[in-house]
Amino acid sequence: MSLLPISIVSFLFVFFSVAPPFITAATNDDLPTAYSLLQSYNFPVGILPIGVVSYDLDKSTGKFHAYFNNSCSFALEGSYQLDYKSTISGYISENKITKLTGVKVKVLFLWLNIVEVTRKGDELGFSVGITSANFAIQEFYESPQCGCGFDCKDSRSKSEELGRNPFVSSI
Ligand SMILES: *[C@@H]1O[C@H](CO)[C@@H](O)[C@H](O)[C@H]1NC(C)=O
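The rules we used
Residues numbered from 1 in each chain as written. Predicted model: local features only at pLDDT ≥ 70, side-chain atom pairs only at ≥ 80, totals over all residues. Heavy atoms only, no water. Buried < 20%, exposed > 50% of the residue type's maximum accessible area, 1.4 Å probe, protein only. Helix = DSSP H or I, 4+ residues; strand = E, 2+ residues; numbered from the N terminus. Pairing = 2+ DSSP bridges. Patch = residues over 30% accessible without salt bridge, like charges linked within 9 Å, V, L, I, M, F, W, Y side chains within 5 Å. Areas by Shrake-Rupley, 256 points an atom, 1.4 Å probe, with all protein chains shown as cover. Salt bridge = Lys/Arg side-chain N within 4 Å of Asp/Glu carboxyl O. pLDDT = per-residue confidence, 0-100. Contact = heavy atoms within 4.5 Å. Disulfide = S-S within 2.5 Å. Phe/Tyr/Trp six-rings, centres within 6.5 Å; stacked < 30°, edge-to-face > 60°. Lys NZ or Arg CZ within 6 Å of the ring centre and 35° of its normal.

1. A short note on the pairing of strand β2 (residues 63–68)
(1) Moving on: Because side chains alternate across β2, one face comprises the buried residues Phe-64, Ala-66 and Phe-68, and the other comprises Lys-63, His-65 and Tyr-67, none of which is buried.
(2) Moving on: As defined by bridge partners, strand β1 (residues 52–58) adjoins β2 across 6 bridges and the pair is classed as antiparallel. Across the sheet, residue Asp-56 finds its bridge partner in β2, namely His-65.
(3) Moving on: If you look at the hairpin formed by β1 and β2, you'll find 4 residues sitting between the two strands, and Gly-62 has a positive phi there, around 85°.
(4) Moving on: With 5 bridges joining them, β2 and strand β4 (residues 80–93) adopt antiparallel strand pairing.

2. Considerations on a nonpolar patch on the surface
(1) Moving on: A cluster of nonpolar side chains, Leu-108, Phe-109 and Leu-110, forms an exposed patch at the surface whose accessible area comes to about 360 Å².
(2) Moving on: On the secondary structure map, Phe-109 appears in the loop between β5 (96–107) and β6 (110–113).
(3) Moving on: Phe-109 sits in the exposed class, given a relative accessible area of 67%.

3. So, unusual backbone geometry
(1) Moving on: Positive phi is not limited to glycine here, since Asn-42 has a value of about 75°.
(2) Moving on: Mapping Asn-42 onto the fold places it in the loop between α2 (34–40) and β1.
(3) Moving on: Relative accessible area serves as the criterion here: at 31%, Asn-42 is assigned to the partly exposed category.
(4) Moving on: Residue Asn-95 is not a glycine yet carries a positive backbone phi of 70°.

4. Thoughts on the confidence of the model for the protein
(1) Moving on: Here the protein averages 80 in pLDDT, while 71% of its residues score no lower than 70.
(2) Moving on: Ranking the helices and strands of the protein by mean pLDDT puts strand β7 (residues 116–120) first, with 98, and helix α1 (residues 3–26) last, with 39.
(3) Moving on: Segment residues 1–28 is flagged for pLDDT under 50; beyond a separation of four residues in sequence, or across chains, it makes 1 contact in the model.
(4) Moving on: Low pLDDT, under 50, characterises residues 155–163; the predicted model gives this stretch 8 contacts beyond four residues in sequence or across chains.

5. Here we look at the pairing of β7
(1) Moving on: Taken together, the 2 bridges between β5 and β7 define a ladder with antiparallel strand orientation. Each bridged residue has a counterpart across the sheet, and for Ile-97 the counterpart in β7 is Val-117.
(2) Moving on: Examined bridge by bridge, β7 and strand β8 (residues 123–127) share 5 bridges and lie antiparallel to one another. Paired with Val-117 across the bridge in β8 is Phe-126.
(3) Moving on: The turn joining β7 and β8, which pair antiparallel and follow one another in sequence, is formed by 2 residues; a positive phi near 60° is taken by Gly-121.

6. As for the state of the cysteines
(1) Moving on: Counting across every chain of the model gives 2 disulfides.
(2) Moving on: Across a sulfur-sulfur distance of 2.1 Å, Cys-72 and Cys-146 are joined as a disulfide pair. Around the S-S axis, the bridge from Cys-72 to Cys-146 shows a dihedral of about -110° and counts as left-handed. Highlighted residues: Cys-72 in strand β3 (residues 72–76) and Cys-146 in the loop between β9 (132–136) and α3 (166–169), separated in sequence by 74 residues.
(3) Moving on: Note on Cys-146: relative accessible area 38%, which makes it partly exposed.
(4) Moving on: Disulfide partner of Cys-148: Cys-152, at an S-S distance of 1.9 Å.

7. Some remarks on the packing of aromatic side chains
(1) Moving on: By the definition in use, this model includes 8 aromatic pairs.
(2) Moving on: When the centroid spacing of 6.0 Å and the interplanar angle of 85° are considered together, the rings of Tyr-80 and Phe-135 count as edge-to-face. One end of the pair, Tyr-80, is in strand β4; the other, Phe-135, is in strand β9, with 55 residues separating them in the sequence.
(3) Moving on: The buried category is assigned to Tyr-80, whose relative accessible area is 2%.
(4) Moving on: With centroids separated by 5.5 Å and ring planes inclined at 40°, the aromatic side chains of Phe-126 and Phe-140 adopt a geometry described as tilted. Placement of the pair is Phe-126 in strand β8 and Phe-140 in the loop between β9 and α3, with a sequence separation of 14 residues.
(5) Moving on: Taking relative accessible area as the criterion, Phe-140 reaches 3% and is therefore assigned buried.
(6) Moving on: Through a chain of ring-to-ring contacts, the aromatic side chains of Phe-68, Phe-74, Tyr-80, Tyr-84, Phe-126, Phe-135, Phe-140 and Phe-150 assemble into a single cluster.
(7) Moving on: Positioned above the aromatic ring of Tyr-91, the side-chain terminus of Lys-99 is 5.3 Å from the ring centre.
(8) Moving on: Positioned above the aromatic ring of Trp-111 is the side chain of Lys-104, whose terminal nitrogen or guanidinium carbon lies 5.3 Å from the ring centre.

So, in structure tokens, the structure goes:
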């Protein structure tokens, strides 16, 4: 009597541990989204704004392109302006994106290309070549929207965001 539930549980366990790769193989044209792919390389989805319409990835080299319908810009942390071109590219590997093109950040009055993004523990480092800035990973748990960025339904207090300028303080 009590054996029955146990065998059902172990059946379900085996089924669900075996089934997902099987299903993935069966629907081969159903690619993971660019966002879930980012997560498989240990990056949060929030480094890509909402609106990726397609992407390609060479798994052997990590070279990728991601395509938006339009360019996209928004403010980060209420201070930095970020700008994504309609095509961005780079090389992705676990915890590291290199040779990034198409993403710019405005630091003071200069537009600088973000060329590398590195994850170290709970921090993301954005490098613009001459300097870099680190941000807490939890700021990137959701994708920003073009235009309003992370503050579309702003409930955070603005004052806590003022006075922070890691790009400038790390020069
Ligand atoms: C991109 O453009 C296509 C064609 O105009 C449209 O069907 C699609 O909904 C757009 N996607 C986004 C995310 O704006």
